[in-house]
Every structure is written in C-alpha cells, then in structure tokens.
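Close look at the chain arrangement
Each chain, letter by letter, is given below.
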Amino acid sequence: MGERVKVYLSVDMEGVTGLTDPEEMHAGKRGYERGCELMTADANAAVEGAFAAGASGVLVNDAHGSTKNLRIDLLDPRASLIRGPGKAQRMAHGLDGSFQAAGFVGYHARAGVPHGVLNHTWMGKEIQNVYLNGELCGETRLVAACAGFHGVPVVLVTGDEAVGEEARELLGDVETVAVKKGIDKFSAELLPPSVAQTRIREATARALGRLNDFTPYVVEAPYTLGVEWNSTAIAAAVSLIPGVKSAGARHTEFTTGDFNQIMALFGLFASIAGQVACGSGPYG
C-alpha cells in the first residue's frame, strides 16, 4: 500500500455481529446498549485492519438510524467518528475524493432478499423497493455509487451472507465478511464476536494490501432515483418536494446530475415518510 492512504468506513447496524432483533437497534429497547458495543467492536476490527495495513487515517461514519449508536469511548483512538443526525450525505457523510478506499461495516441485503437478515432498503416498512437508473438498488449499491461519484473504490463489505453476495455481484472481487447466515428476516446462524472480528480485521488488511485491484463503482449520470413506497399517502407527500415527480400511485422519481443530491434527498424522504406513516395510525 502506498503512502498516505485514508480510509472511510460507513457503519450500519443490521449486519453487525450477533444482532438479529430490531429491538437491539433502537435506543431504549431490549439489548440496544449491547448492540452498540457489538457495532463498535466490528467497526474497531476494520479500523485495526486498516492501520495494520499501513493506513494514514480512518474516518468512521455512524450510518444507522439515529446515527448516535457507536460508542466513542470504546472507539479505536486512532480513528475519528462522525455522529448525529442532520448530515446532508447521510450514510456517506464525510466521504470525498481525499480517501483512497471505502469500507462498509454492518451492512445488510436490500429489501426483498429472502435470506437477508433484517433486509430492507433505507426504511424498513415505508419503502418497498428503491431503483437507481431503473435497476433495483440496495444501500450497498447506493453508497458505493456515491463513493464512485467521488472517485473512491469500495474495498470491503461486512454483514450477513446475503449482503456479501449482493456486494460481489455489484462490485466484483470485493473483500466480504459474512458474520452471520440468514435463516429468515429475524433469525440467523451467528459467528461469535471474537471470530467475526478477527475475520473483519484480516479482510480489511487484505483489501488494503491489494488496493490496486479495485476501481470505483461508477454509475453514469444523470442519476434517477426511483422509490416504490408502500403507501399512496407517502408517495403523494414526497412528490411535493421540488424536483420529485409522481411516477405512479406509489412511485416517485427524482433525476439529477449531482449524486450528493440523491443522498440528501433520502434524508428528506425519511423525515416525511416517517411523519406520514406515524400519523396515519393503523392504515399507515
């Protein structure tokens, strides 16, 4: 690996070692505090692997839900952390052309993948499917395309077996670590943390050791984000955003030449869709 290699890590929670229950990923619910510790341990394993391979710096972005999950007091002191809501680039905040590699830790399969543990795309109930330039798109593809927009290759994806398959299909010979094997949406066969974290550490170091093998995942502009919502009310509400067009009773589309706008738009979508769904009672 050459001099001055900066590594960016986007860390989600559904694909973290040991976790299968949505309650473990929501503040105040059963098992959440332990889930945060496991999430931080997976992130640290990737940080350790990066520095073992000679990285000059690692930036970690908390990319799950409230984005206040990773434990800064437990984070590897050589890394820094982006935490908290209101980030324009959401799951990719802080990622720019100054990085030589990006890794996704704790990621999960896109909505509708049968053995994908906690499979969904961006929102668990409100969104049925997401499309990028007409093709089905999960969070792996979305954030990889954002990295590619900045000229940064994705070299590592950790999570369940299903997200690894999705990542390899999309990105080719990317380093993947399966920390669990899905049985159903809320059940999996798990690796113990010590085993999973060793594999994450080794895969990260291996990825950076062959950095020249990777090229950025580039989607050709313009970018069209299509969302199939589960509710006509949500589709109608988000289509009021300037630039967002109705493409069917439950479908919206947005086209831009700037991928940063795609990431920012998802933040608005989540706020509006969550409000509409929560305020609609049992008819959501």
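Located above this text is the structure these notes cover.
Residues numbered from 1 in each chain as written. Predicted model: local features only at pLDDT ≥ 70, side-chain atom pairs only at ≥ 80, totals over all residues. Heavy atoms only, no water.

Okay, the sheet that holds strand β12 (residues 251–256) next. Across the sheet, which stays open at both edges, the five strands sit in the order β6-β5-β10-β12-β11 with antiparallel pairing between neighbours. Because the sheet does not close on itself, it has two edges, and the strands there are β6 (135–136) and β11 (245–248). Here six bridges tie strand β10 (residues 223–229) to β12, and the two strands are oriented antiparallel to one another. Across the sheet, residue Tyr223 finds its bridge partner in β12, namely Thr256. This element, helix α6 (residues 259–279), spans β5 (127–132), β10 and β12 of the sheet and lies at about 20 degrees to β10. (Pairing = 2+ DSSP bridges. Helix = DSSP H or I, 4+ residues; strand = E, 2+ residues; numbered from the N terminus. Contact = heavy atoms within 4.5 Å. Axes fitted to C-alpha atoms, helices over the stretch in contact; angles between N-to-C directions.)

Attention shifts here to helix α1 (residues 32–52). If you check α1, its first and last C-alpha atoms are 30 Å apart, about what 21 residues at 1.5 Å a residue would give, namely 30 Å. Of all the 21 residues making up α1, 15 are buried; the element is thus mostly covered by neighbouring parts of the structure. Immediately downstream of α1, the backbone of Gly54 shows phi near 100 degrees, a positive value. (Expected span 1.5 Å × (residues − 1). Buried < 20%, exposed > 50% of the residue type's maximum accessible area, 1.4 Å probe, protein only.)

Bringing the state of the cysteines into the picture now. As enumerated under the stated definition, the model contains zero disulfides in all. Sulfur of Cys146: no disulfide; nearest cysteine sulfur belongs to Cys137 and is 11 Å away. A relative accessible area of 0% places Cys146 in the buried class. (Disulfide = S-S within 2.5 Å.)

Quick look at the packing of aromatic side chains now. Evaluation of the coordinates by the stated rule reveals eight aromatic pairs. Ring geometry for Phe149 against Tyr223: centres 6.0 Å apart, planes inclined by 85 degrees, an arrangement best described as edge-to-face. You can see Phe149 sitting in helix α2 (residues 139–149) and its partner Tyr223 sitting in strand β10, a full 74 residues away along the chain. Among the residues examined, Tyr223 registers a relative accessible area of 7% and is labelled buried. (Phe/Tyr/Trp six-rings, centres within 6.5 Å; stacked < 30°, edge-to-face > 60°.)

If charged atoms from side chains of opposite charge come close, those side chains can pair. One pass over the full model with this rule turns up twelve salt bridges. We note a salt bridge from Arg71 to Asp73, for which the minimum N-O separation is 2.8 Å. Given a relative accessible area of 25%, Arg71 falls into the partly exposed group. Overall, Asp73 belongs to the exposed group, its relative accessible area being 54%. A salt bridge links Arg210 to Asp173, with the shortest nitrogen-to-oxygen separation between them at 3.5 Å. Linking Arg210 in the loop between α4 (193–209) and β10 with Asp173 in the loop between α3 (161–171) and β8 (175–184), this pair joins segments that are 37 residues apart in sequence. Looking at Arg210, the relative accessible area reads 18%, which means it is buried. Here the salt bridges share partners, and the residues they tie into one network are Asp173, Glu175, Arg206, Arg210 and Asp213. (Salt bridge = Lys/Arg side-chain N within 4 Å of Asp/Glu carboxyl O.)

At a minimum axis distance of 7 Å, the contact between α1 and α4 shows a crossing angle of 35 degrees. Relative to α4, the crossing made by α1 is right-handed. Residues Leu38, Ala41, Asp42, Ala45, Ala46, Glu48, Gly49 and Ala50 of α1 touch α4, and the partners they reach there are Pro193, Gln197, Ile200, Arg201, Thr204, Ala205 and Leu208. For the contact of α1 with α4, the residue count by class is nine nonpolar, three polar and three charged. (Left-handed = near helix turned anticlockwise from the far one by under 90°. Nonpolar A, V, L, I, M, F, W, Y, C, P; charged D, E, K, R; others polar.)

Read these as layout, nothing more, since geometry by itself doesn't imply function.
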